[in-house]
Amino acid sequence: MLKLKRLLVPSFAFSPVLTFANTASVGIALILTCLGSLVTISKANASTVTTVFATGFDGLELITQGPGGDFGSDLYVATAGSNSVLGGIYTVTSNGVVTPFITGYNVISVAFDTENILGGGMFFADEGSGDPSDAGKIWRVTSNGAGNFNSPQLFADFSSITGSANKPWQITITAGENGFASGLYATTGPFPDGRSGTLYRVDFNGSITEVKNGFNTIESLVFARGNYGDGILTSDIRGQQIQRLLADGTVTTFASLGSSPLGPAILSYGPDNFLYVTDFASGDILKIDTDGTYSVFATLPLPPTDKLYLAGAKPIAPTSGNSSCLISGIFTAGTNPTGLGSLYSVCKVPEPSTSLSLLALGTLGAASTLKRKLKSSKSSEKETTKVS
């Protein structure tokens, strides 16, 4: 939204708005007539500043901000590994220091049970060996105090679903909202062979139930908030769309966007409460409005394709305490050399605009001069009346 600073100019100095002008260099210009002269009030375009936040990840997957308390407030980074090397979970401090937290698992995502819906702790989705026939698992980590943590305990095993080789992908824990029951919700990824068409819910006891099947792919989800309406919003990376699932099972298309063959990957609300999604193939971070329209917020620098067979924009999360920044990252697979996955801090920084201040000062000066002349004229009239 265009915001204009109020000009302290006497009311008689303004005439109505004439037109709005769009320019590439200064954004939106509002042109006013002021005593026969034009005053231009400019809102400068905000520029995107993208800087490397942390690097060296193999199979970079989803990222989650720590909830505080025993788990701290660092960023938790899930990695699925590459080149037969297992991944794990890494913590990243606000200044980019990377520390292993758990290794030896092919981790896709992490979620914290801050409201004790499932008994508390941290949960992570493990895709298993990566073999298509190998179903994934969800593990739980609890704290034993003083910064120490118990070994991961199996919470839910997707091989328990008859005939299924589904792998839990993004996991989200909710107390129940938009007509959906409380529990842990698990999407099933980007795979094209039918393994990624179902949304699951896991209850307190680790029992897995099907919420909805029949999706093309369902890699990521968020519960709709505020003006984004009702239900669950899901990303279909191969169908280049974001869909809305209602509690009664109705599925509709909320937005058509993204690149082919792999488009919208991970959904996240930003610190400004707008919805964002990474467009895998292009490297774009897209900002989605409440009506499903979108714009490019930033573009991540994808590595050269001659060094790997797959790379794209994937994880995204808000930056704690900064209303204009996101943390996003690049997933790479089959890399040689390894360790090309990177996290980036992406911030919008307003560009300074001088046209407002210079022209406004000129207008204020002209209006002030006119006001002095009018006051002088009135004083002369009074004196003339008094003498006569």
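Residues numbered from 1 in each chain as written. Predicted model: local features only at pLDDT ≥ 70, side-chain atom pairs only at ≥ 80, totals over all residues. Heavy atoms only, no water.

A. The overall build of the protein chain, seen in detail. The secondary structure content of the protein chain amounts to one helix and 29 strands. Classification of the 388 residues of the protein chain by burial places 47% in the buried group. Counting only carbon and sulfur atoms, one obtains 52% of the accessible surface of the protein chain, whose full area is about 18200 Å². (Helix = DSSP H or I, 4+ residues; strand = E, 2+ residues; numbered from the N terminus. Buried < 20%, exposed > 50% of the residue type's maximum accessible area, 1.4 Å probe, protein only. Areas by Shrake-Rupley, 256 points an atom, 1.4 Å probe, with all protein chains shown as cover.)

B. Geometry of the environment of threonine 142. The residue threonine 142 is located in the loop between β11 (137–141) and β12 (143–145) in this model. Taking C-alpha positions, threonine 142 is 4.7 Å from glycine 121, a pair spaced 21 residues apart along the chain. The residues contacting threonine 142, other than those within four sequence positions of it, are Gly120, Gly121, Phe149 and Asn150. Looking at threonine 142, its side chain comes within polar contact range of the side chain of asparagine 150, at 2.8 Å. (Contact = heavy atoms within 4.5 Å. Polar contact = N/O pair within 3.5 Å; in protein donor to acceptor, adjacent residues only side chain to side chain.)

C. View of the confidence of the model for the protein chain. With 72% of its residues at a pLDDT of 70 or more, the protein chain has an overall mean of 78. This stretch, residues 369–375, has a pLDDT under 50; its non-local contacts, to residues over four places away or in other chains, come to four contacts. Between residues 377–388, whose pLDDT stays under 50, and residues either more than four places distant or in other chains, the model counts zero contacts. (pLDDT = per-residue confidence, 0-100.)

D. Region of interest: the state of the cysteines. Applying the stated criterion across every chain yields a total of one disulfide. Paired by a disulfide, cysteine 325 and cysteine 347 hold their sulfur atoms 1.9 Å apart. Handedness here is read from the sign of the S-S torsion; for cysteine 325 and cysteine 347, about 110°, the answer is right-handed. With cysteine 325 in strand β28 (residues 325–333) and cysteine 347 in strand β29 (residues 341–350), this residue pair connects regions lying 22 residues apart in the sequence. (Disulfide = S-S within 2.5 Å.)

E. Looking closely at the pattern of salt bridges. Counted by the stated rule, this structure contains four salt bridges. In this structure, the salt-bridge partner of lysine 287 is aspartate 272, at a minimum N-O distance of 3.7 Å. In this pair, lysine 287 sits in strand β25 (residues 284–288) while aspartate 272 sits in the loop between β23 (264–269) and β24 (275–279), placing the two residues 15 residues apart along the sequence. Here lysine 287 falls in the partly exposed class, since its relative accessible area comes to 26%. For aspartate 272, a relative accessible area of 28% gives the class partly exposed. Put simply, Glu61, Glu219 and Lys314 are held in one network by salt bridges that share partners. (Salt bridge = Lys/Arg side-chain N within 4 Å of Asp/Glu carboxyl O.)

F. Summary view of the sheet that holds strand β26 (residues 294–299). Across the sheet, which stays open at both edges, the four strands sit in the order β23-β24-β25-β26 with antiparallel pairing between neighbours. The strands lining the two open edges of the sheet, one partner per strand, are β23 and β26. Shown here is a sheet whose adjacent strand axes are inclined to one another by a mean of 30°, direction ignored. As paired strands, β25 and β26 are joined by five bridges and run antiparallel to one another. Residue pairing in the sheet places isoleucine 285 in a bridge with alanine 298 of β26. (Pairing = 2+ DSSP bridges. Axes fitted to C-alpha atoms, helices over the stretch in contact; angles between N-to-C directions.)

G. Here's a closer look at the side chain of arginine 244. With respect to the secondary-structure elements, arginine 244 resides in strand β21 (residues 241–245). For the buried arginine 244, no salt bridge exists, and the shortest N-O distance to an oppositely charged side chain is 6.8 Å, to aspartate 230. Here tyrosine 228 takes part through its backbone oxygen, which lies 2.8 Å from a polar atom of the side chain of arginine 244. At 2.8 Å, the side chain of arginine 244 and the backbone oxygen of aspartate 230 are in polar contact. (Lys, Arg positive; Asp, Glu negative; His and termini not counted.)

H. Structural view of the sheet that holds strand β5 (residues 60–65). Read from one edge to the other, the open sheet built from four strands follows the order β5-β6-β7-β8, with strand pairing classed as antiparallel. Each edge of the open sheet carries a strand with a single partner, namely β5 and β8 (98–103). Across the sheet, the mean angle from the axis of one strand to that of its neighbour is 25°, orientation sign disregarded. The sheet contact formed by strand β6 (residues 75–79) and strand β7 (residues 88–92) spans five bridges and is antiparallel.

I. The arrangement of the packing of aromatic side chains in detail. Under the defined criterion, the tally for this structure stands at 18 aromatic pairs. Centre to centre, the rings of phenylalanine 180 and tyrosine 185 are 6.3 Å apart; their planes meet at 90°, and the pair counts as edge-to-face. Their ring planes at 75° and their centres at 6.1 Å tell us that phenylalanine 180 and phenylalanine 223 sit as a pair that is edge-to-face. With a gap of 43 residues between them, phenylalanine 180 in the loop between β15 (171–174) and β16 (183–186) and phenylalanine 223 in strand β19 (residues 220–223) connect regions that are remote in the sequence. Residue classification places phenylalanine 223 among the buried positions, given a relative accessible area of 6%. (Phe/Tyr/Trp six-rings, centres within 6.5 Å; stacked < 30°, edge-to-face > 60°.)

J. Structural detail: the pairing of β23. The element β23 is extensively covered by neighbouring structure, given that six of its six residues are classed as buried. Of the pairings in the sheet, the one linking β23 to β24 comprises four bridges and is antiparallel in character. In the strand pairing of β24, leucine 267 is matched with valine 277. Where β23 hands over to β24, the hairpin turn is made up of five residues, of which asparagine 273 adopts a positive phi near 70°.

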